[in-house]
Amino acid sequence: MKQPLIELREVTKSYRKGDTTVTPLANLNLDVQQGDFLALMGPSGSGKTTLLNLVAGVDQPTSGSVIVAGSDIGLLSRSKLAKWRAHHVGYIFQMYHLVPVLTAYENVELPLLLHSMSRAQRRERVNLALEAVGLLDRHDHYPRQLSGGQEQRVAIARAIVADPVILVADEPTGDLDAASAEATLALLNRLNSEMQKTILMVTHDPKAAAAARRSIHLEKGAIVDAPEQVLVAS
Amino acid sequence: MILSLVHYAWRTMTRHKLRSALTIGGIATAMFLFCFIEGLQNGVRQATENEATQNVLIVYQKSRFCPATSLLPERYVPAIQRIDGVKSVVPVKVYVNNCRASLDTVTFLGVPPELVNTIKKIDLKSGSLGDFTGRRDAAIVGESLAARRGLKPGDRFQIGGFSVGIAGVFKSDTPGEDNVAFTHLEMLQRGKAVDSLGYVTQFEVAIDDPAKADAISEKIDEMFKSETVQTTTKSHKAFIASSTGDLMGMIRFTRFLGLLCVVLVLALTANTVFVMVQERVREHAVLQTIGFAGRHLFSMIIVESLLLALAGGIIGTAAAAAALHFGHFNLSAEGVNISFAFTPLVVAAGMAASAITGLLAGFVPALQASLISITEALRRS
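Basis of the calculations
Residues numbered from 1 in each chain as written. Chains lettered and ligands numbered in written order. Predicted model: local features only at pLDDT ≥ 70, side-chain atom pairs only at ≥ 80, totals over all residues. Heavy atoms only, no water. Helix = DSSP H or I, 4+ residues; strand = E, 2+ residues; numbered from the N terminus. Rg over C-alpha atoms; globule rule 2.2 N^0.38 Å. Contact = heavy atoms within 4.5 Å. Areas by Shrake-Rupley, 256 points an atom, 1.4 Å probe, with all protein chains shown as cover. Lys, Arg positive; Asp, Glu negative; His and termini not counted. Charge placed at Lys NZ, Arg CZ, Asp CG, Glu CD. Buried < 20%, exposed > 50% of the residue type's maximum accessible area, 1.4 Å probe, protein only. Pairing = 2+ DSSP bridges. Core = buried A, V, L, I, M, F, W, Y, C linked by side-chain atoms within 4.5 Å. Domains from an automatic or database assignment. Buried area = accessible area lost by both parts, 1.4 Å probe. Salt bridge = Lys/Arg side-chain N within 4 Å of Asp/Glu carboxyl O. Polar contact = N/O pair within 3.5 Å; in protein donor to acceptor, adjacent residues only side chain to side chain. Phe/Tyr/Trp six-rings, centres within 6.5 Å; stacked < 30°, edge-to-face > 60°. Lys NZ or Arg CZ within 6 Å of the ring centre and 35° of its normal.

Looking only at helices and strands, chain B has 14 helices and 14 strands in total. On C-alpha atoms alone, chain B measures out to a radius of gyration of 28 Å, which is more than a quarter above the 21 Å that the 2.2 N^0.38 rule sets for 381 residues. Projected onto its principal axes, the C-alpha coordinates of chain B cover approximately 90 × 45 × 30 Å. Of all intrachain contacts in chain B linking residues separated by at least 6 positions in sequence, the fraction that spans at least 24 positions is 79%. Accessible surface computed for chain B: about 16900 Å², of which carbon and sulfur atoms make up 61%. In chain B, 36 positive and 31 negative side-chain charges are present, and the distance between their average locations comes to 8 Å.

Right under this line is the structure:
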């Protein structure tokens, strides 16, 4: 069997909140193959976003290992992890989180500032990303001049511009109207099928989950149902 | 990368235009004061450390400290002239229009007209030296004094009981010197109700070797020890230091005020940067998610802080330069003039103070932003 792109082994994440210890994930095991589009579902507090953050290298496990594209990212230092994120992950937020004082072009260009590229190379990549999301003609617009759906497409362009292997999306349609949500899901589907991006998407919306190739459900930090390809928490 | 950081920091400053403008305005005001004070201190430094006056001694009447009360007989000149190591002796009558502290004091230095080039190498910008030597009521004025009073050759100028015709305007590289007017000695001696012909305020003695200054000073004072009018001879530097002693105390106090200005800039910039960082906790978390490391955020915030401080510093320094250039301010004590000297050194001090405060002000907020965990920052926001 092909080596999974993402391997989580006995992953536990816990943190202190006041006097109590919260454990959003406990002894979790999960494999995700390259080119997969996985929806993570579950009630609030079930550990979906924590799982997403661990895979994205935004957070590190308390115990266990998170191996993504051959690297155990739980062992990387802060600065190495930042560099790893810049090269391997594109993150899409529910609230888009574009920098308000930068234009669409400049927002998309941000991740490329961390790569050794000439201005011309950056321009080519940004234009390609904006074209892919259908917003090349809005490159000089500021976020306040864009609709919610357009802002999310710019955020997706920002996530893909550095050509990462993994896209993680935290409720990407949660703040959008139905039409914009549908367009965003179609775009994610296209990125998965045409550009072979591996996508992990947290969602509460069954319609959004249906757009993914498969979905898993989490409850109290554990996977409660498991499609065939997924290893269930031990 | 650095250019991109500066670009990003600049855009961030424009996010809250009014707040940034108020901060920059506050910093500019403080830096204006700082540079003004630095200019004064620089003027003092230049007046006391002027290389050109290292071989000049000033002979004054003993136990007298004011130009109005020092009355030395002119007949002392030949005796001093004969001392080994003395190159020239110029009798000078000093008249000051204002004995109080003022930023617009006018000092007349009455000298024998044929010796005016001995006391100072005159670099005339306009007018003629011939006109000065040829007319008893003629004066040549320093360019700062001329600019302050709007004087040009051909004009008449009245101070106290003296009315002089402007024969020329001269330039001096030494701050303070271009705030005086040279007149004929005899005019000043005869000009007042009490005729002081034959008496002068001081002698300016040029010597061939600064190392002999103490020995020659002692010799001069010894020479007139048994006369009714005794002398006190000092190096030019020591004379200025003693004449401006009270003023120096005030100037030392202004140094303290200058430091307070820097502290004010620090507090103002730190407050603004701190608020800016607190407002953008989520944005910084997003940047880290994209791949920016703690050191990138640190640099970004430091650049923002530096830009704020330098923008204020540049405006404040430029305003101080303009005020001092067009104001031609001049302080005087007992006939000694001290001008505000706005030199590249003052600009450098202003810019350095701005940059250092910018760096210090941004340090703690930058460190906080660079160390915060992404999940914590996203959760908080």
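Now that the structure has been shown, the text picks up again.
On to the environment of Ile73(A). Inspection of the secondary structure assignment puts Ile73(A) in the loop between β5 (71-72) and α2 (78-88). Overall, Ile73(A) belongs to the buried group, its relative accessible area being 2%.

The strand order β2-β1-β4-β5 (chain A) describes an open sheet built from 4 strands, whose pairing is antiparallel. Both edges of this open sheet fall to β2 (20-32) and β5 of chain A, since each of them pairs with a single strand only.

With that out of the way, let us pick up the nonpolar core. Among the nonpolar cores identified, the biggest contains 51 residues, and Ile6(A), Leu8(A), Leu30(A), Leu40(A), Leu51(A) and Leu200(A) are the most heavily contacted of them. Per element, the largest residue contribution to this core is 5 residues, and it comes from helix α11 (residues 281-290) of chain B. If near-sequence neighbours (up to four positions away) are discounted, Leu8(A) is found in contact with Leu28(A), Asn29(A), Leu30(A), Asp31(A), Leu51(A), Val55(A), Ser65(A) and Val66(A). Counting 39 residues, the second largest nonpolar core, distinct from the first, contains Leu98(A), Leu167(A), Leu176(A) and Ile199(A).

Let us now look at the domain arrangement of chain B. We note that the domain assignment places domain 1 (2-47 + 246-380) and domain 2 (63-229) within chain B. Measuring from the centre of the C-alpha atoms in domain 1 of chain B to the corresponding centre in domain 2 of chain B gives 44 Å.

Here we come to the interface of chain B and chain A. Contact with chain B, which involves 27 residues of that partner, is made by 25 residues of chain A. The contact between chain B and chain A buries some 2200 Å² in all, and 66% of this surface belongs to carbon and sulfur atoms. Counting the surface chain B buries against chain A, the share from its top three residues, Arg11(B), Thr289(B) and Ile290(B), is 27%. Summed over the shared surface of chain B and chain A, the result is 1 salt bridge. The salt bridge involving Arg11(B) is made with Glu106(A); its shortest N-O contact spans 2.8 Å. At the junction of chain B with chain A, the criterion picks out 8 residue pairs in polar contact (both at pLDDT 80 or more). Tallying contributions element by element places α11(B) first for the side of chain B that touches chain A, with 7 residues.

This part is about unusual backbone geometry. Residues and elements named next belong to chain A. The backbone of Ala 69 sits at a positive phi, close to 50°, despite the residue not being glycine. Here Ala 69 is to be found in the loop between β4 (63-68) and β5. The backbone of Tyr 96 sits at a positive phi, close to 65°, despite the residue not being glycine. Relative to the elements of secondary structure, Tyr 96 occurs in the loop between β6 (89-92) and α3 (104-109). Judged by relative accessible area, which is 6%, Tyr 96 ranks as buried.

Residues and elements named next belong to chain A. Residues Val 89 and Tyr 91 of β6 are buried on one face, and the alternating residues Gly 90 and Ile 92, pointing to the opposite face, are buried as well. Two strands pair when backbone bridges link them, and β6 and strand β7 (residues 166-170) are joined in this way by 4 bridges, in the parallel orientation. Note on β7: the bridge partner recorded for Tyr 91 is Val 168.

The next thing to look at is the packing of aromatic side chains. One pass over the structure, following the stated rule, counts 13 aromatic pairs over all chains. Ring geometry for Tyr95(B) and Phe162(B): centres 4.8 Å apart, planes at 70°, overall edge-to-face. Of this pair, Tyr95(B) sits in strand β3 (residues 86-96) while Phe162(B) sits in strand β8 (residues 162-171), placing them 67 residues apart in sequence. Accessibility assignment for this pair places Tyr95(B) and Phe162(B) in one class, buried. Considering the side-chain rings of Phe253(B) and Phe256(B), the 6.1 Å spacing of their centres and the 35° angle between planes classify their relative orientation as tilted. Taken together, the residues Phe253(B) and Phe256(B), both in helix α10 (residues 245-279) and 3 residues apart, mark about one turn of the helix. We classify Phe256(B) as partly exposed; its relative accessible area is 46%. One aromatic cluster in this structure is built from Tyr95(B), Phe108(B), Phe157(B) and Phe162(B). Across from the ring centre of Tyr142(A), 4.9 Å away, lies the NZ or CZ of Arg144(A), which sits over that ring.

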